[in-house]
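Architecture at a glance
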Amino acid sequence: MNKEKKTTNIKERGSRADQELIKKLLIISLFVFVIYSNLYTLAWRVESALIPPEQPSIVKSLPSVPIITDLLDSFSVFSYYEMINRDFVIKGFPLNAGQIGDSDWIDLNIVNKYFPQFLGEQQMRLYLTKHYGLGEETHQKACKQLATKIRNRYNYENPNNLMKKVVIGVEFWPRGFKSYRELKTKESLNYMVLCVED
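The following paragraphs examine the structure supplied in this document. Not measured: the values here are computed from a predicted model. (Residues numbered from 1 in each chain as written. Predicted model: local features only at pLDDT ≥ 70, side-chain atom pairs only at ≥ 80, totals over all residues. Heavy atoms only, no water.)

Some words on the pairing of strand β1 (residues 84–94)
The buried fraction of β1 is high, at 10 of 11 residues. The pairing of β1 with strand β3 (residues 163–174) spans 11 bridges and is antiparallel. The residue bridging Gly92 from the neighbouring strand is Val166, located in β3. (Buried < 20%, exposed > 50% of the residue type's maximum accessible area, 1.4 Å probe, protein only. Helix = DSSP H or I, 4+ residues; strand = E, 2+ residues; numbered from the N terminus. Pairing = 2+ DSSP bridges.)

Quick word on the sheet that holds β1
Pairing within the open sheet is antiparallel, and its 4 strands lie in the order β2-β1-β3-β4. Each edge of the open sheet is held by one strand with a lone partner, namely β2 (106–107) and β4 (190–196). Here β1 runs beside β2; their pairing, made up of 2 bridges, is antiparallel. Opposite Lys91, over in β2, you have Asp107 as the bridge partner. Against the sheet, helix α4 (residues 119–126) contacts β1, β3 and β4, and its axis sits at roughly 50 degrees relative to β1. Against the sheet, helix α6 (residues 136–157) engages β1, β3 and β4, with an angle of about 115 degrees to β3. (Contact = heavy atoms within 4.5 Å. Axes fitted to C-alpha atoms, helices over the stretch in contact; angles between N-to-C directions.)

Some points on the state of the cysteines
Summed over all chains, the structure comprises 1 disulfide. Paired by a disulfide, Cys143 and Cys195 hold their sulfur atoms 2.1 Å apart. A torsion of -75 degrees about the S-S bond marks the disulfide between Cys143 and Cys195 as left-handed. Of this pair, Cys143 sits in helix α6 while Cys195 sits in strand β4, placing them 52 residues apart in sequence. One exposure class covers both Cys143 and Cys195, and it is buried. (Disulfide = S-S within 2.5 Å.)

Observations regarding the pattern of salt bridges
For side chains of opposite charge, pairing can occur when their charged atoms come near one another. Summed over the entire model, instances satisfying the criterion amount to 9 salt bridges. A salt bridge links Asp87 to Arg181, with the shortest nitrogen-to-oxygen separation between them at 2.8 Å. Taken as a pair, Asp87 in strand β1 and Arg181 in the loop between β3 and β4 lie far apart in primary sequence, 94 residues in all. Given the relative accessible area of 9%, Asp87 is considered buried. In this structure, Asp87 and Lys184 form a salt bridge, with 2.9 Å as the shortest nitrogen-oxygen distance. A residue pair is termed long-range when its members are at least 10 positions apart, and Asp87 in strand β1 and Lys184 in the loop between β3 and β4 qualify at 97 residues. Linked by salt bridges that have partners in common, Asp87, Glu171, Arg181 and Lys184 make up one network. (Salt bridge = Lys/Arg side-chain N within 4 Å of Asp/Glu carboxyl O.)

The structure is reproduced here in structure tokens:
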């Protein structure tokens with residue numbers, strides 16, 4: 001009887017120790033992923049603010065942890081090292097124009113009218129953050145659908161100025177300390193196309 005009890009106690013102690021070890025390893029892994037994703041995001045933001053887009057990216061050669069990065073670092077909800085500011089821009093190509101050229105897109109000036117939320121929520125809606133987390137293909141599809149909805153509404157409201165296509169883009173510039181758009185100048189401004197309607 002005593003031998004059986006001792007054997008059982010040793011087994012229980014062993015299984016408890018194994019469980020504690022697994023818990024510790026999982027917690028350490030989570031910390032490593034979170035710290036790495038923060039460092040990766042910081043490096044990406046510094047690089048995108050200081051290095052021109054045409055130059056090779058050092059950060060992109062590093063392995064990323066997209067799920068954790070998106071959950072914890074999207075729009076600096078949990079971090080304070082955002083190096084760039086951004087504004088979304090919705091441009092249209094007139095229906096009666098000829099072939100589409102880069103210079104023919106017109107800023108429709110409808111971002112604040114169609115998305116009247118505060119800046120953070122407005123940007124999360126326009127960037128389609130939920131879809132972005134599901135992969136590039138899903139994000140592009142959702143973005144193009146949004147562009148079509150925007151064009152349909154704009155054309156309904158402006159029958160004398162119909163648009164053939166809509167593009168959703170982002171302007172970004174280095175962050176300033178005094179105000180959000182303090183350093184937004186022609187020289188500092190960069191533009192990125194998020195999606196173009198099919």
